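# Residue-level structure breakdown
Each chain, written out:
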Amino acid sequence: MPGPALLYTAAQTIARGRKAGFMAAFGIHLGCYVHVFAAAFGLSAIFTVVPTLYFALKLAGGAYLIFLGVQMIRTRVAAGPMPDLPRKSARRAFADSMLVEILNPKVAIFFIAFLPQFVSAGAGYPVWAQFLVLGTIVNCAFTSADIVTVLFASEVKKRMTKTSRFQDLTRWLGGSLLVGLGLKLATERA
């Protein structure tokens, strides 16, 4: 099942075009480094000690995805060739995507649950450096999948019917997807 990052980049690509999809992938990539650094320096472990902080971050992330989804649903475009939704500036698309990734506590939990299995205190390199190297490798693999998703979604968009009814459907599906992801993130148990 695709994760939120893949679904988010696909929704951004279909609704706003290839450039927005790439900016979403780039924002998610850099946002993931927040979690890599947090895991490397022990900050993510706070979630296991202070569950209220995890819950608050989960709710904030869910609310932000719902907000982005509602914005997408409310934006109307004229009939004709299927245009992209009104473009966000590259900076805005990047910032939204980075915030989506940073506010996803499951990414933090993933890094503190997954990476320690491959870190050895007796390895000749400091533990924090091992976390950074492994986190970078994992993040690059995730970003590769995001880029493939953008390329695939932009090809799907090119082949779609160019009617206003289909545009409305695409806008509603993309927005509903973000709202659904937000609700899932906010209501899912840790």
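Relevant structure appears above.
Cut-offs applied
Residues numbered from 1 in each chain as written. Predicted model: local features only at pLDDT ≥ 70, side-chain atom pairs only at ≥ 80, totals over all residues. Heavy atoms only, no water. Axes fitted to C-alpha atoms, helices over the stretch in contact; angles between N-to-C directions. Helix = DSSP H or I, 4+ residues; strand = E, 2+ residues; numbered from the N terminus. Parallel < 35°, antiparallel > 145°, perpendicular 65-115°, else oblique. Left-handed = near helix turned anticlockwise from the far one by under 90°. Contact = heavy atoms within 4.5 Å. Nonpolar A, V, L, I, M, F, W, Y, C, P; charged D, E, K, R; others polar. 1 Å grid on protein atoms, 1.4 Å probe; cavity = no way out; pocket = protein on both sides within 12 Å on 5 of 7 lines; lining within 4 Å. Points joined across faces, edges and corners; volume = space filled by probe spheres on them.

Attention now goes to the packing of helix H1 (residues 4-16) against helix H2 (residues 18-40). The contact between H1 and H2 brings their axes to 6 Å, and the two run at 155°. One way to sum up the angle between H1 and H2 is to call them roughly antiparallel. Relative to H2, H1 is oriented so that their crossing is right-handed. Taken together, the residues of H2 that come into contact with H1 (itself represented by Ala5, Tyr8, Thr9, Gln12, Thr13 and Arg16) are Arg18, Ala20, Gly21, Ala24, Ala25 and Ile28. For the contact of H1 with H2, a count of residues per class yields 6 nonpolar, 4 polar and 2 charged.

The next subject is the layout of surface pockets. Taken as a whole, the largest pocket spans an internal volume of roughly 380 Å³. Around the largest pocket, the lining comprises 18 residues; the ones closest to its centre are Pro4, Ala5, Glu101, Val107 and Phe142. Those elements that place two or more of their residues in the lining of the largest pocket are H1, H2, helix H6 (105-114) and helix H7 (127-159). The element best represented in the lining of the largest pocket is H7, accounting for 5 residues. Tallied by class, the residues present in the lining of the largest pocket amount to 10 nonpolar, 5 polar and 3 charged.

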